[in-house]
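The primary structure of each chain is shown beneath.
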Amino acid sequence: MPRHSRRLSILTAQEIEDMYGLPRFTENDRRVFFDLSQTERDLVDSVHTFSVAAHLILQLGYFKAKRQFFVYAHEAVVDDLAHICNCYFPERDITKIKALSKPTRLEQQQLILQLFDYRLCDATARIELEQKAQRVAILSTQPIFILRELLQYMTNQQLVIPGYTYLQDMVGRTVSGERRRTTLLLSQALTPDVKQQLEALLQADEGMYRISILKHEPKDFSYGELRQEVERRKFFHILYQFGQTFLVLAGLSNESVKYYASLVQFYTVYKLQRMAVTTTRLYLLCFAYHRFRQINDNLIDAFIHLVGQYERQAKFAAEEAAIKAMTQASANLQAAGQVLNLFIDTSIPSNTPFSEIKKKAFALLESERFAMVSDYMRNIEFDKTAFEWSYYGMLQHKFKLNLRHLFCNLHFEGLVDDAPLLNAVALLQELLRKGKSPRQAKPIDFPSSIITKALQRYMYTTSRKRKNKQLDVDRYEFLVYRLLRNALEAGNVYVKDSNDFRSFEDDLINAKRWQDKETLLREIGAPILLAPIQETLATFRVELEAKFKRVNERIENGNNKHIKIMGTGDKRRWSLIYPTEEEPINSPFYGQLPGIGIADLLWFVAKETGFLNAFIHVLERYVKQEADPRLILACIVAMGTNMGLWKMAEVSGLSYSSLLTTARNFLRVETLHAGNDMIANATANLPMFSQYDIDERKHSSSDGQRIETQIPTINARHASKYFALKKGVSAYTLVFNHVPCNAKIIGTHEHESHYVFDILHNNTTDVQPERHSTDTHGTNQVNFILLYAFGHQFAPRYRDLHKRISGLVGFHNLSHYDNYLIKLTRRVLDALVVKEWPNVQRILASLAQKDVTQATVVRKLSSYARQNQTKKALWELDNIRRMR
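In short, a report on the structure. (Residues numbered from 1 in each chain as written. Predicted model: local features only at pLDDT ≥ 70, side-chain atom pairs only at ≥ 80, totals over all residues. Heavy atoms only, no water.)

## A few points about the overall build of the protein chain
At step 1: Summing up its helical and strand segments, the protein chain has 41 helices and 16 strands in all.
At step 2: On the principal axes, the C-alpha backbone points of the protein chain span a range of 135 × 85 × 60 Å.
At step 3: Counting every position in the protein chain, which comprises 884 residues, the buried fraction comes to 46%.
At step 4: Look at the contacts in the protein chain between residues 6 or more apart in sequence, and 71% of them connect residues 24 or more apart.
At step 5: Surface exposure of the protein chain reaches about 47,400 Å², of which carbon and sulfur atoms provide 53%.
At step 6: For the protein chain, the distance from the average position of its 115 positive side-chain charges to the average position of its 97 negative side-chain charges is 5 Å. (Helix = DSSP H or I, 4+ residues; strand = E, 2+ residues; numbered from the N terminus. Buried < 20%, exposed > 50% of the residue type's maximum accessible area, 1.4 Å probe, protein only. Contact = heavy atoms within 4.5 Å. Areas by Shrake-Rupley, 256 points an atom, 1.4 Å probe, with all protein chains shown as cover. Lys, Arg positive; Asp, Glu negative; His and termini not counted. Charge placed at Lys NZ, Arg CZ, Asp CG, Glu CD.)

## Remarks on helix H34 (residues 669–684)
At step 1: Helix length check: H34 (16 residues) gives 22 Å between terminal C-alpha atoms against 22 Å at 1.5 Å per residue, within 8%.
At step 2: Among the residues making up H34, those that are buried are Thr671, Gly675, Asp677, Met678, Ala680 and Asn681. (Expected span 1.5 Å × (residues − 1).)

## Here's the deal with the pairing of strand E9 (residues 699–708)
At step 1: In the sheet, E9 pairs with strand E13 (residues 771–773) via three bridges, with the strands oriented parallel. Residue pairing across strands places serine 700 opposite histidine 772, the latter belonging to E13.
At step 2: In this structure, E9 lies alongside strand E11 (residues 727–736), joined through nine bridges in antiparallel fashion. Across the sheet, residue arginine 706 finds its bridge partner in E11, namely serine 730. (Pairing = 2+ DSSP bridges.)

## Details of the packing of aromatic side chains
At step 1: Using the criterion set out here, one finds 37 aromatic pairs in the structure.
At step 2: Ring centres of phenylalanine 407 and tyrosine 481 lie 5.1 Å apart, and the angle between their planes is 65°; this geometry places the pair in the edge-to-face category. Residue phenylalanine 407 is located in helix H20 (residues 396–408), and its partner tyrosine 481 is located in helix H23 (residues 473–490); the two are separated by 74 residues in the primary sequence. Of the two residues, phenylalanine 407 and tyrosine 481, both sit in the buried class.
At step 3: On the numbers, 5.4 Å between centres and 70° between planes, the contact of phenylalanine 689 with phenylalanine 736 is edge-to-face. One end of the pair, phenylalanine 689, is in the loop between H34 and E9; the other, phenylalanine 736, is in strand E11, and 47 residues separate them in sequence. Phenylalanine 736 carries the same exposure label as phenylalanine 689, and that label is buried.
At step 4: Ring pairs connect the aromatic residues Phe303, Trp389, Tyr392, Phe399, Phe407, Phe412, Phe478 and Tyr481, which therefore count as one cluster.
At step 5: The positively charged end of arginine 126 is found above the aromatic ring belonging to tyrosine 166, 4.1 Å away from the centroid. (Phe/Tyr/Trp six-rings, centres within 6.5 Å; stacked < 30°, edge-to-face > 60°. Lys NZ or Arg CZ within 6 Å of the ring centre and 35° of its normal.)

## Observations concerning the pattern of salt bridges
At step 1: Evaluated as defined, the whole model comprises 37 salt bridges.
At step 2: Between glutamate 130 and arginine 173 there is a salt bridge, with the nearest N and O atoms lying 2.9 Å from each other. With glutamate 130 in helix H7 (residues 123–139) and arginine 173 in helix H9 (residues 164–189), this pair connects stretches of sequence that are 43 residues apart.
At step 3: Connected through shared salt-bridge partners, Glu27, Arg30 and Asp80 make up one network. (Salt bridge = Lys/Arg side-chain N within 4 Å of Asp/Glu carboxyl O.)

## Comments concerning the nonpolar core
At step 1: Membership of the largest hydrophobic core comes to 91 residues, with the highest contact counts inside it found for Leu201, Phe236, Phe303, Phe407, Phe412, Phe446 and Tyr481.
At step 2: The element best represented in this core is helix H15 (residues 277–331), accounting for 20 residues.
At step 3: Apart from the residues within four sequence positions on either side, phenylalanine 236 is in contact with Leu201, Leu214, Phe287, Ala288, Arg291, Phe292 and Ile295.
At step 4: Counting 68 residues, the second-largest nonpolar core is a separate cluster that includes Ile759, Val782, Leu832 and Val840. (Core = buried A, V, L, I, M, F, W, Y, C linked by side-chain atoms within 4.5 Å.)

## A few points about the pairing of strand E7 (residues 563–566)
At step 1: Bridge count for E7 against strand E8 (residues 573–576) is four bridges, and the pairing is antiparallel. Within E8, the residue paired with methionine 566 across the bridge is arginine 573.
At step 2: The turn linking E7 back onto E8 is made up of six residues, and glycine 567 within it adopts a positive phi angle of 80°.

## Focus: a nonpolar patch on the surface
At step 1: Taken together, the side chains of Phe589, Tyr590, Leu593, Met688 and Tyr692 present a nonpolar region at the surface, about 520 Å² in accessible area.
At step 2: With respect to the helices, strands and loops of the structure, tyrosine 692 is situated in the loop between H34 and E9.
At step 3: In this structure tyrosine 692 comes out as partly exposed when scored by relative accessible area, which is 32%. (Patch = residues over 30% accessible without salt bridge, like charges linked within 9 Å, V, L, I, M, F, W, Y side chains within 5 Å.)

## As for the state of the cysteines
At step 1: Scanning the entire structure with this criterion turns up zero disulfides.
At step 2: This cysteine, cysteine 87, is not joined by any disulfide, and cysteine 85 carries the nearest cysteine sulfur, 9.6 Å off. (Disulfide = S-S within 2.5 Å.)

## Regarding unusual backbone geometry
At step 1: One non-glycine residue with positive phi stands out, namely aspartate 117, at about 60°.
At step 2: Residue position: aspartate 117 is located in the loop between helix H6 (102–116) and H7.
At step 3: For aspartate 117, a relative accessible area of 57% puts it in the exposed group.
At step 4: One non-glycine residue, asparagine 737, lies in the positive phi region at around 50°.
At step 5: Within the element layout of this structure, asparagine 737 appears in the loop between E11 and strand E12 (739–747).

That is the geometry; function is a separate question.
Structure (C-alpha cells):
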C-alpha cells in the first residue's frame, strides 16, 4: 500500500503478512495441523480423486491454523503437499497433483465451513460487522482498538475474516463517521459561554497559551502545587458541567473521552488551530472534562496522602514521647523512694501539717513528675492516643492550610450508613466555604455521633475558665478528615466527578446497556459468562474434588518429593522441602557472547522487526512528513536512559530542535506500545522462544521494579527501602519467556495485585499466556477467578504456603475430608454464588469492556473494608479457583 494512501495505516506490512499470508509450517506444525480427526478423515475418504483429496487436506490444515482460505501456487505449498503425500498417500507421486478448478476449490471451502461450523463474511455478516464497529467506536475511536475488537468478534461469531483493505475502509468509515456524528452534535449543543471558554483555551496569557498552562500537573503534594491545581479546576468547571450533559447525549465512553483528551496533550497550539474548528472544540471539551476528573483524583490522592502523613507524624511523636517518659520515670525512681521514706522518717513529728510534707516531697521530686512516676510504679502505660490527639493540636496550622482548600473543593457522597459523617462533612464545608472558622460555630451544632466512645475522652477537654468539658473543635476537624480518608479508601464515600474514587455502581455497565445483557455476553464470548452458573459449579465440583483427592494421595504415597510429613496419627503435619543449592542466575554460555553497542543493537532490531514503522506522525495520514530513523532512535535512547534530549543533542551531533520535534510528533504511548508489540511478536516467532515454555505451557509472570525518578511527579512516592531519602515509582511489567509484553507505571504505594488483570487483559501482543505467576504481592481476593474468567490460570508463588492455604473450601461436609493430610476449613457457599451470579456477571462483563479502568475496579473488589453479598460471592468463586 502506498505510504500516503487515504486509507488508515492500522497494521504494519509484517502484521498484515502474519494475518493474511500463507501459513509457513515447520515439520512440527505439519504434524499438528495436518493430523486428521475421524470426521475429517471420513470427509477426505469420500473424495475419490487423489489431487482433490490432497488439496482438501491442505486446506483443512491451513484453515485450522488461520481460519482462512487461500489461493496458492503449487511451488509455494510443495513442502506441505509432500508431507501430506508421505502421511496419507505414500504410494502416490507428488508430481501428479494438479491445481484445483475454481468450482472444486469453492466446493471444498463450503465443506470445511460446514465441518467447523464457520461462515463466510457475506453481505448480511458485513452489515452486522459494521454495526459492531460503530458500537466499538463509541468506546474508542483508536483504529487499532476497533480492528482488534472486530477480529475478536469474528472469532466469537465464527466468521472468516474479509480482506484487509475492506477492514481498513470499514474502520476508516467508522472513525470518520463517529467524529462527524459527535462534532455535529457538539455544534448544535454549544452555548455562547461554553464556546467562549473553549476559545479562551487557545489564547495567550502573559506570553504563554492558556491550554499549555492547564496541561501541567502538580509535581508533588506541596501547598503551592495543589493550590495551582485547585485554580485549574475552577477554570474547567464550566466546561465540565456542559460536558457532563453533552457526553451522555453523544454517547461517548470514558475511553473515547480519554483518547480525544490525549490528542490535546500531543498537539501543539499551532496544530490545534489548523484543524477544523468543530474537531478542535471536541478535543478541547474532552480534554477539559477528563482533566477536571483527573484534578479531582489528584486532590483526593493528596488529601489521603496528607492525612496519612500527619497521622504517621503523630504516632511517631507519641512513640518517642512514650520512650522519653519511661526513661525519665525510671531515672526518677530514686527520688520517688526518698519521698516514700518521708512516711517512715521518725525525725518528722506526727503532728506536722501535710503541706509541710508536700514541700519536702516536692523538694525531692518536682511536682510535675509525680503523675508520670506514679503511673510508672503502678504499671500504667503511657497514653499514646492522648498524646497523638494533643499533637494534632500542634499540627493544626499545617493541616488547616494544606487540607482545607482540598476539602472545600470536592463534593462527597456516600451510603446511608455514613450519613453522620456526611453531615459532619457538609457542616464543615459550609462554614469553610463561607470563610468562617469552625471555632465560630457552636460546639453543639457538630454531629457528635461520629465520635466513638473510645475517643470521647480525647475530643472533649476542660479549660481553666470552665469546669465543664467542651468539644475541642480542632481535634474534631481532624477526626472528620481522618474518618473521611478511611471512607474514601473503603469506597463507602465517593466523589462522583472522579475516575478513581467514584461509586462502584458507576464503574459498572449502566443499567440501560445491561438490559441487553445476552447480546453483551455473547460479544464478550467468555465461556463462564455464557454458561449457567449451576453447570459451572458442577464442573468446578468434579475438578476440585478429584484434584484434592489426587494431591493428598500423592503426598501419602510419597510420590510428591517436595513435601515432608512429620509426626504420626492425629499429630501428622507437612512442610515444604526447599532446595539447598541455588542455580546460577545466568548460564556460563552467555558470558562467552561478545558485547555490542546499544546503537548497533537498535539498528539490528529495527532491521529484523521493522518496529520503527510503528512510529507514525500524530496527525496520521494528514501530513507527509517521514520519520527520520536516526532521530527516532536517538529520542528513544535519550528518554529511555534518562539522558534527556539536550544531552543527546550534544553527544550525537543532531540538533535539539529536530529531536524535540520528533519526540512531540512520533513518540507517544500508542506508538511506543505498537513498537514494543512488534519486537515482542518478532521475538515470539523465533524457534528458540518456545524452548522457554514450562511443561509446554505458555507461562508468563509480572512484577514491579522500583525506579528512582529524576524529576518530581505526583505519582512518585518516598520508599526508604528502595530510594533512601528520594522518591520513585514502580514499573510493573508483564514478562513472557524473558520478553516484556506490557508495562504500566504505578506508584510504590499502590498494591501490585490490582494491576495483574489489567496488564494481562490489555496486552496487545500476539503472545497470549495460558498461565500467569506473581509473587505474594500479586495476590488478593479476586485474581484467581478474574484470570480464569478471561482464559488464564493464576499460579502465584507464595512466600508462606502454610498461611496461604488456610481457609480451603470443599463441596462436601468437613467429615468427608477427615482422612486427608491437607485439611479443609469449611464447605463452599454455593447457594450464595447462585443467588448473586447475575450481579457477578455484570462485574465481570464490565471488566471485559474498555470503558473502565480495570485496576480501579479490582482495587474496590479486593478491599476488605467494604463487603456485601455480591463481593462475598465473587470471593467464594475465587476460593474455589484457588484450589485448582
